[in-house]
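Breakdown of the fold
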Amino acid sequence: MLLIECPYCGKRHETEFRYGGEAHIVRPEKPEDLNDTEWADFLFMRTNTKGVFAERWYHANGCRQWFNALRHTVSHQIIAVYKMGEKPPVSDQGSEDR
Amino acid sequence: MAKFDNWRSPVAHLSEGFPSSLTELPFTHQINLRGDITDKAFKTAVKKATGLVLPVIPNEVGMGKDNIKALWLSPNEWLIVSDHEITDIRDSLAEIHSAATDVSANRIILGLSGPDALEVLMKSCEMDLDPNVFKTGQVVQTLIAKSQAIIEKVSDDTYHIYVRNSFAAYVCEWLVDAHVEYRM
Ligand SMILES: [Zn+2]
């Protein structure tokens, strides 16, 4: 089980959180200009990173705030947490050797 | 207290089996308050209506006069708990982007106290309740036996546990059961 640090409440048990998938996916400015492939790409296609991954978490049973985390998908180590709208404090480019 | 005259506790049928360290507190007035704490007008209006300075530090409880307090719930959300009805808060906040909702009927409050309180709670909750981490005057929203709860530490060995009415009987039964081994 993971111990996740909510940027608001502090360290809490994984069971208090919900997973929110990949972070920093920007909704297209003009969805009506996209073809089906591009729209499907925005809706469904996600990177399957082996390494450091930027993802969203929701503190469902605590403060009910969304935030971002950098987690290594192999070791589950959480490298950083940061608030919505902020940039990753360190690179989220997958490095496989952590 | 006309407001509570016809109210029935969802755990009334269980209270006979409560150990002496577990009690249900009388119904209280509870208001869920939301607003932008960086907005001076909001802060001032809340202070005027309740006398409270809202806590901005996470997991803290702000105490006011005459048994009124504000529990930090999130960066823009507090639970105001009071013995007396807070009548004018909505008027005070009328022109301000905010919300004050009477949630007195949402949750009952359980009092858990005594030398075994911490261990009973530790059996039911994954939160780090170590006295060095969770201190008197702090509050957390977490899970007790998978059920959402607000735990307020009111003294070294006393906790107030706020649980949803529909989960109240379940949580009570759980706590009573968790307490069995300490009953001598
Ligand atoms: Zn939180």
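This write-up is about the structure you can find in this document. (Residues numbered from 1 in each chain as written. Chains lettered and ligands numbered in written order. Predicted model: local features only at pLDDT ≥ 70, side-chain atom pairs only at ≥ 80, totals over all residues. Heavy atoms only, no water.)

1. Observations regarding the sheet that holds strand β5 (residues 66-72) of chain A
All names here are of chain A. Stated formally: DSSP-based pairing: two strands are paired if at least 2 bridges between them are found. In this description a helix means any DSSP run of H or I spanning at least four residues, a strand means any run of E spanning at least two, and both kinds are numbered starting from the N terminus. All axes are obtained by fitting lines to C-alpha atoms, using only the stretch in contact for helices, and the reported angles, taken between N-to-C directions, cover 0 to 180 degrees.
Read from one edge of the open sheet, four strands run β3-β4-β5-β6, paired in antiparallel fashion. At either end of the open sheet lies a strand with only one pairing partner, and these are β3 (18-22) and β6 (78-83). Neighbour-to-neighbour, the strand axes of the sheet open up by a mean angle of 30°, direction not taken into account. Sheet topology note: the strand β4 (residues 52-58)/β5 ladder contains seven bridges and is antiparallel. Across the sheet, the residue bridging to A54 is L70, located in β5.

2. Some remarks on the side chain of T50(B)
All names here are of chain B. Note the cut-off: For every residue, the accessible area (1.4 Å probe, protein chains only) is compared with the maximum for its type, and the residue is labelled buried under 20%, exposed over 50%, or partly exposed between those bounds. We define a polar contact as two N or O atoms separated by no more than 3.5 Å, with the added condition that, inside protein, one atom must be a possible hydrogen donor and the other a possible acceptor, whereas residues neighbouring each other in sequence contribute only through side-chain atom pairs. Contacts are assigned to residue pairs with any non-hydrogen atoms lying within 4.5 Å of each other.
Note on placement: T50 falls in helix α1 (residues 40-50). A relative accessible area of 11% places T50 in the buried class. Side-chain polar atoms of T50 contact the backbone oxygen of V46, separated by 2.6 Å. Looking at T50, its side chain comes within polar contact range of the main-chain nitrogen of L52, at 3.0 Å. Other than its neighbours up to four places away in sequence, T50 contacts I68, I80, I86 and I89.

3. Concerning the coordination of the zinc ion
Metal coordination angles in their ideal form are 109.5 degrees for the four-donor tetrahedron and 90 or 180 degrees for the six-donor octahedron. Residue and element names in this part refer to chain A. In plain terms, the rule: Donor criterion used throughout: N, O or S atom within 2.8 Å of the metal, extended to 3.2 Å for Na, K and Ca. Water excluded; incomplete-looking sites may result. Sites are called tetrahedral only when four donors show all angles between 85 and 135 degrees, square planar or octahedral only when four or six donors show opposite pairs over 155 degrees and all other angles between 65 and 115, and irregular in any remaining case.
Each protein donor to the zinc ion is listed here as C6 (SG), C9 (SG), H59 (ND1) and C63 (SG); together their distances run 2.0 to 2.5 Å. Note that the zinc ion binds four donor atoms; their angles at the metal cover 99 to 118°, and the shape is tetrahedral. Donor residues for the zinc ion, ordered by position in the chain, follow C-x2-C-x49-H-x3-C. Note that C9 is positioned in the loop between β1 (3-6) and β2 (10-13) and C63 in the loop between β4 and β5, a separation of 54 residues in sequence.

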